[in-house]
Amino acid sequence: MITLLIFILILSIMIVVHEYGHFIQARRLGIRVERFSLGFGPKLFGWKKGGTEYTLCLFAFGGFVKMSGDSWEECKGKPDEFLSRPPLDRLKVIFAGPFLNYVLGFLCFWVVNVIGYPNLTTNVGELIAGYPAATSGLAKGDLIASVDGKKVTYWPELTKIVHSKKTPNLSVEVLRDGKRVNLTVGLRQETAKNIFGSEEKISLMGIRPSGDVVLVRYNIFQGFIFAGKMLWEMTVITLIAIGKLLTGSAAVRESITGPLGMFFITSEAIRIGVSAVFHLMAILSASLALFNLLPFPVLDGGHILFLAIEKLRGKPLSQKCEDAINQSAVALLIGFAVWVFFNDIVRYGFWDKLLGILNKIRWR
C-alpha cells in the first residue's frame, strides 16, 4: 500500500508540475485558464479562484489545463483566448510544460547529490575462474586505486574504463594491506547487450565487487554541477534510445515500460532508499519532458508541429483535419499503451503468477 501511495505521489507531482508549466505561462501572457485538473473522470472535489476552477478527479493518471478559446469552435477572437494569440505565444505555453518537467528532473538530481546516494567501492570480492584476473596476481580484498593511470573510486567508474579498453591488457594499481601494488591484468573480449539492447564488444577482467558500499555526498554547489552532468548524460542516453527505437535498431519490447513496470521499478527504489526514489523521479520527469516534445499529434511536440505548419502555411490546419489527425493519434496511443501494459505483465512475471493462481483454482 505504501509503495502504491508513493507511486501515485510521484506521478501526481510530475503531472502537476507539467500542467503548472502550461498554466503559469498562459497566465503570464494574459490567457484565461478556465480549469486546472489533476486526473480524469468523475470530479472528487474542486474549488474556484481567480476565474479558474481547480479540480481533483478520480483517475490520477494524467491531468489537463483548459484554456479559454483553445479550440476553433470556441474561439471568439478575444485577446484572452489561446487561439487568438500569435504562434510564438502559443509555443511558449506549450513548451512550458515539458520545460518544467525537465527542471524538476534537475532539482531531483540535485537533491540526490546533496543527501547522498550509495555506490559500490572498487574492492574486489571475487575472482572469476577462467578469466585473466584469476591468474594476474589480483587477490580478493584488493582495493583497485587506478587503471592505466586513471584514478577510480567507485565500481561504475572501473567497469566503464575496463569495458571500453581495446588493448589485450591493462595496468592496475591496488591497495593491499596498506601498500600499493602494481599489476598487469589481461582482458578478454566478449559480446554483451548494452542499455539500448544492441550487442557490442566489451572487455572483461573477470572480477566481481565485494558489495562494500559508501554514501557519496556533495555540498550544495558541487551537487548543482553534478546534477547538471547527470541530467545531460541522461538526456543524451534518452535521445539515442528514442532514435534507435524510431529507426528500429532497438527492440521496443525490451526498451519501453508502462505504469505497471514503473510501479515495479518504484518498489525497488523504495527498498533501496530515499535517494533512489528521487533518482527515479528525476529520470521519469526528464524522460517525460523529452517524450512529450516528440512531434507526434496529441503530445506537446505534436502541437508544436501544428504551429510550425501554421507558420509555414500562413494559416492553421482546419479544425476537421486537426481533429482527424488527433483522433487517429489517440487510437494509436491507446493501442500502444494496451500492448505495453500486457508486455509488462509478461516481463515482470505477473502473467506466470496469474496462471499459477488460475491453475490452483482449477484443481481445487
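Our structure's up above, just so we're on the same page.
Right, let's walk through the structure included here. A quick note: this is a predicted structure, and the numbers were derived from the prediction, not measured. (Residues numbered from 1 in each chain as written. Predicted model: local features only at pLDDT ≥ 70, side-chain atom pairs only at ≥ 80, totals over all residues. Heavy atoms only, no water.)

Let's shift gears to the environment of G261. The residue G261 is located in helix α6 (residues 259–272) in this model. Residues G261 and L312, spaced 51 residues apart in sequence, show a C-alpha to C-alpha distance of 41 Å. (Helix = DSSP H or I, 4+ residues; strand = E, 2+ residues; numbered from the N terminus.)

There is a patch of nonpolar side chains on the surface, built from F40, L44, F45, W47, L58 and F59 and spanning about 650 Å² of accessible area. Elements represented by at least two residues in the nonpolar patch include exactly β1 (33–49) and β2 (52–67). Counting residues per element, the nonpolar patch draws most heavily on β1, at four residues. Tracing the backbone shows F59 in strand β2. (Patch = residues over 30% accessible without salt bridge, like charges linked within 9 Å, V, L, I, M, F, W, Y side chains within 5 Å. Areas by Shrake-Rupley, 256 points an atom, 1.4 Å probe, with all protein chains shown as cover. Salt bridge = Lys/Arg side-chain N within 4 Å of Asp/Glu carboxyl O.)

Read from one edge of the open sheet, four strands run β6-β5-β7-β8, paired in antiparallel fashion. Looking at which strands have only one partner, the edges of the open sheet turn out to be β6 (150–151) and β8 (179–186). Pairing geometry for strand β7 (residues 169–176) and β8, over eight bridges, is antiparallel. If you follow L170 over to β8, its bridge partner there is V185. (Pairing = 2+ DSSP bridges.)

So, about the packing of aromatic side chains. Considering all chains together, one arrives at 10 aromatic pairs under this definition. Arranged with centres 6.1 Å apart and planes meeting at 35°, the rings of F36 and Y54 form a pair that is tilted. Placement of F36 in strand β1 and of Y54 in strand β2 is noted, with a sequence separation of 18 residues between them. Per residue, the accessibility class of F36 equals that of Y54, and both read buried. When the ring of F106 is compared with that of F224, the centres are 5.0 Å apart and the planes differ by 80°; the resulting orientation is edge-to-face. In this pair, F106 is assigned in helix α2 (residues 87–115) and F224 in helix α4 (residues 220–247), connecting sequence segments 118 residues apart. Classification of F106 by relative accessible area gives buried; the value is 15%. (Phe/Tyr/Trp six-rings, centres within 6.5 Å; stacked < 30°, edge-to-face > 60°. Buried < 20%, exposed > 50% of the residue type's maximum accessible area, 1.4 Å probe, protein only.)

To continue, consider the nonpolar core. Counting residues in hydrophobic clusters, the biggest one holds 23 residues, and the most contacted among them are I10, M14, L104, F109 and L284. With eight residues, the single largest contributor to this core is helix α7 (residues 274–292). Residues within four places of L104 in sequence aside, it is in contact with I13, M14, V17, M281 and S285. By size, the runner-up hydrophobic cluster in this structure holds 18 residues, among which are V124, I144, V152 and L187. (Core = buried A, V, L, I, M, F, W, Y, C linked by side-chain atoms within 4.5 Å. Contact = heavy atoms within 4.5 Å.)

Let us now look at the environment of M67. With respect to the helices and strands, the residue M67 is situated in strand β2. For the pair formed by M67 and T3, sequence separation is 64 residues and the distance between their alpha carbons is 34 Å.

Let's shift gears to the layout of surface pockets. There is about 170 Å³ of room inside the second largest pocket. Examining the composition of the lining of the second largest pocket, we find that five residues originate from one element, helix α3 (residues 155–164), more than from any other. (1 Å grid on protein atoms, 1.4 Å probe; cavity = no way out; pocket = protein on both sides within 12 Å on 5 of 7 lines; lining within 4 Å. Points joined across faces, edges and corners; volume = space filled by probe spheres on them.)

Let us now look at the pairing of β7. Taken together, the four bridges between strand β5 (residues 143–147) and β7 define a ladder with antiparallel strand orientation. Across the sheet, residue I144 finds its bridge partner in β7, namely V174. As consecutive antiparallel partners, β7 and β8 are separated by two residues, and within that stretch D177 has a phi angle of approximately 55°, a positive value.

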